[in-house]
Amino acid sequence: MGFVRPRAGALLALLGLAAASLASVTAMAAELVMFTRDGCPWCARFEREVAPAYHLTQEGRLAPLRRVELKAGGSNLPGLSAPVIAAPTFVIFEDRREIGRITGYQGDDAFWGLLGKMLADMPGPIHRSGTAAKLD
């Protein structure tokens, strides 16, 4: 039996479906960006109290942590609703736009409470009530 070559139209349709599926997965991705600065004592405290276990939590799976060094004069990354001028500042991005922000770090209890509220209020389908993922 010989190799059957797929028709170009069917192949293009399949590639389009694959691209649309990938785009919908990417569109739901959230990320927690920590704006940090060398020598920042509150950043160091976060790194001791929260960072080692963050990736193991449900919050860490819903919004993986990425660190960005905050330069003098602040940061105006694309998607921010306002420039970031203080370290640490934690910004939740979804679909490459800011949907929530925590300025400063006042300890792990305050951080987890504020982050949990932001994630629960996210407009994305992976965070809505019903059959979607919920925070503990």
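Predicted, not measured: the structure shown is a model, and the values here were computed from it.

What counts, and where the lines are drawn
Residues numbered from 1 in each chain as written. Predicted model: local features only at pLDDT ≥ 70, side-chain atom pairs only at ≥ 80, totals over all residues. Heavy atoms only, no water. Core = buried A, V, L, I, M, F, W, Y, C linked by side-chain atoms within 4.5 Å. Buried < 20%, exposed > 50% of the residue type's maximum accessible area, 1.4 Å probe, protein only. Helix = DSSP H or I, 4+ residues; strand = E, 2+ residues; numbered from the N terminus. Contact = heavy atoms within 4.5 Å. Pairing = 2+ DSSP bridges. Axes fitted to C-alpha atoms, helices over the stretch in contact; angles between N-to-C directions. Phe/Tyr/Trp six-rings, centres within 6.5 Å; stacked < 30°, edge-to-face > 60°.

### Some thoughts on the nonpolar core
So, step 1. If you look at the biggest cluster of nonpolar residues, it comprises 19 residues, and the most contacted ones within it are Leu32, Phe46, Phe90, Ile92, Phe111 and Leu115.
So, step 2. Broken down by secondary-structure element, the contributors of at least two residues to this core are β1 (30-36), α2 (41-49), α3 (51-54), β3 (89-94) and α5 (108-120).
So, step 3. In terms of residue count, α5 provides more of this core than any other element does, 4 residues in total.
So, step 4. Dropping the residues within four chain positions of it, Ile92 is found in contact with Glu31, Leu32, Ala63, Arg97, Glu98, Ile99, Gly100, Leu115, Met118, Leu119 and Met122.

### What to know about the sheet that holds strand β4 (residues 97-103)
So, step 1. Spatial ordering of the open sheet is given by β2-β1-β3-β4, a layout of 4 strands whose pairing is mixed. The two strands at the open ends of the sheet, each matched to only one other strand, are β2 (65-69) and β4. Across the sheet, the mean angle from the axis of one strand to that of its neighbour is 25°, orientation sign disregarded.
So, step 2. Relative to β3, β1 runs antiparallel, the two being bridged by 6 bridges. Following the sheet pairing, Leu32 is matched in β3 by Ile92.
So, step 3. Contacts between α2 and the sheet are confined to β1, β2 and β3, with β1 contributing the most and set at about 135° to the helix.
So, step 4. Contacts from α5 reach β1, β3 and β4 within the one sheet, and its direction differs from that of β4 by about 160°.

### Overview of the packing of aromatic side chains
So, step 1. Taken as a whole, this structure holds 7 aromatic pairs when the rule is applied.
So, step 2. With 5.9 Å between their ring centres and 15° between their planes, Tyr54 and Trp112 make a pair best called stacked. Residue Tyr54 is found in helix α3, and its partner Trp112 is found in helix α5; the two are separated by 58 residues along the sequence.
So, step 3. Each residue in the set Phe46, Tyr54, Phe90, Tyr105, Phe111 and Trp112 is aromatic and connected to the rest through ring pairs, giving one cluster.

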